[in-house]
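# Secondary and tertiary structure notes
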Amino acid sequence: MDQAASLDTQWFDGQSPRARAVTLRLDSGELVMRVDDGERRYPLTQVRWPERRTHGQRQAELPDGGLIQHADGAEWDAWAQASGLHDSTVVGWMQSWRATVIALIGSVLFLSAAWLWGVPWLSQTLAHQVPQSLETRIGQQSLQQLDRLFLQPSGLPQQRQDELRERFASVVDSAYPQGDAPRWQLAFHASPVLGPNAFALPGGYIVMTDELVELLRDQPDAITGVLAHELGHVQHRDGLDLMVRASLVSALVGVVLGDASGFLATVPATLASQAYSRDAERRADAHAARMLHAGGIRPTVMVTFFERMLEESKRDEGPGADDESSVSLPIAIASHPDHGERIRFFREWQPDVPP
Ligand SMILES: [Zn+2]
């Protein structure tokens, strides 16, 4: 007596329209179909099995053009389960076009997930593993490159520079009473191409242009606010994160295309071509608001800054504007998007009141 689960069902041989009664069972990787005149065997992988989830009748296509039809779906599923058919169908599935499509969709989803979460997560993690000495060197190199491209010696009197630096330093002291502020170093530079701007590089190098100091000449607290925003980027190592991310993407591209040459040379330039994420910007803004508050300055001073930047950008777009003369440096504060949202943020900011 046969111990394997068997199922009495109907079979069409593919030539005659007449259904014939057959009995099915599985035996060592094969579908065994007993017909009145004997037995037929088909490798399980060559049978197109029905979807398990569909309602109604079940239909399996045989490699020789035959068709098995079973009216009672539940009965079929019970037999398939008892026979362990589900496990073997995976093999058959791999060979179907449907599996190819699903595998393709899976790959796209995987790559998207890697892009959306994997790369940012990995770069954040790596950015925090980079030793301080290396970060400082990367920052110095980037600064030299940006210096060659965009920066000129500052025209601000030394006394004015020192004054602004000390003003910021005292807010840093108030915001970090434990003395655990990230290391920072502030340099002023003239930059007709960048215009009113400020940016932070790995290693704590913060650059502010003379043009920005000029734009905010009557608003020293707003200057401090911009520097506090940049220190937020330093604290979260956003610049390094950006470079690591760009390197990861280049490396991924290199792996996919089989050629990674050239990307190493471009890494310092990525700072000039990549933008911080919105999350990084919001975090730096929140950092600035907290620091200003700690230093006894109302965060609304930043509203003036954004309003003037807006006026400035309108002037640039106005008639007679010379496109060649201005360069957008995405990490710089001037090119941050959503001024409206950020003005609202600083206007409505409230310190966390401890319960
Ligand atoms: Zn920023």
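Residues numbered from 1 in each chain as written. Predicted model: local features only at pLDDT ≥ 70, side-chain atom pairs only at ≥ 80, totals over all residues.

Below, the discussion takes up the pairing of strand 6 (residues 67-70). Burial along strand 6 is one-sided: the face carrying Ile68 and His70 is buried and the face carrying Leu67 and Gln69 is not. Across three bridges, the pairing between strand 1 (residues 7-12) and strand 6 is antiparallel. Paired with Phe12 across the two strands is Leu67, which belongs to strand 6. In the sheet, strand 5 (residues 58-61) pairs with strand 6 via four bridges, with the strands oriented antiparallel. (Buried ≥ 20, exposed ≤ 12 C-beta atoms within 10 Å, placed from the backbone. Helix = DSSP H or I, 4+ residues; strand = E, 2+ residues; numbered from the N terminus. Pairing = 2+ DSSP bridges.)

Quick look at the sheet that holds strand 7 (residues 152-153) now. Pairing is mixed in the open sheet, where four strands are placed in the order 7-8-10-9. Each end of this open sheet is capped by a strand with a single partner; those strands are strand 7 and strand 9 (198-201). Bridging between strand 9 and strand 10 (residues 205-209) involves four bridges; their strand directions are antiparallel. Looking at the pairing, Phe199 lines up with Val207 of strand 10. Here helix 7 (residues 220-235) sits on the sheet in contact with strand 8 (185-190), strand 9 and strand 10, set at roughly 25° to strand 9. (Contact = placed C-beta atoms within 7 Å. Axes fitted to C-alpha atoms, helices over the stretch in contact; angles between N-to-C directions.)

With that settled, consider the nonpolar core. Within the largest apolar cluster, 42 residues are counted, with the highest numbers of intra-cluster contacts made by Ala198, Met208, Val226, Leu227 and Leu292. Of all the elements in the fold, those that place two or more residues in this core are helix 4 (132-150), helix 5 (158-175), strand 9, strand 10, helix 6 (210-215), helix 7, helix 10 (278-294) and helix 11 (301-317). The dominant element in this core, judged by the number of residues it contributes, is helix 7, at seven residues. Apart from residues no more than four positions distant in its own chain, Val226 is found in contact with Ala198, Leu212, Phe305 and Ile333. Ranked by size, the runner-up nonpolar core spans 15 residues in total, among them Trp11, Met33, Ala60 and Leu85. (Core = buried A, V, L, I, M, F, W, Y, C linked by C-beta atoms within 7 Å.)

Moving on to helix 10. In a regular helix each residue adds 1.5 Å, so 17 residues correspond to 24 Å; helix 10 covers 24 Å between its end C-alpha atoms and thus fits that length. Within helix 10, burial applies to Glu281, Ala284, Asp285, His287, Ala288, Ala289, Met291 and Leu292. At the exit of helix 10 stands Gly296, carrying a positive phi of roughly 80°. (Expected span 1.5 Å × (residues − 1).)

Here we come to the packing of helix 5 against helix 7. At their nearest, the axes of helix 5 and helix 7 sit 10 Å apart, and the two run at 60° to each other. Relative to helix 7, helix 5 is oriented oblique. Taken as a pair, helix 5 and helix 7 cross one another with a handedness that is right-handed. Of the residues in helix 7, those touching helix 5 at Leu164, Arg167, Phe168 and Val171 are Pro220, Ile223, Thr224, Leu227 and Ala228. (Parallel < 35°, antiparallel > 145°, perpendicular 65-115°, else oblique. Left-handed = near helix turned anticlockwise from the far one by under 90°.)

Turning to the sheet that holds strand 6, a few remarks are in order. In any sheet, the strands associate via hydrogen bonds between backbone groups, in a parallel or an antiparallel arrangement. Strand order in this open sheet of six strands is 4-3-2-1-6-5, and the pairing throughout is antiparallel. Of all the strands in the sheet, just strand 4 (38-43) and strand 5 have a single pairing partner and so form its edges. With strand direction ignored, the average angle separating the axes of adjacent strands in the sheet is 35°. Here strand 3 (residues 30-35) runs beside strand 4; their pairing, made up of six bridges, is antiparallel.

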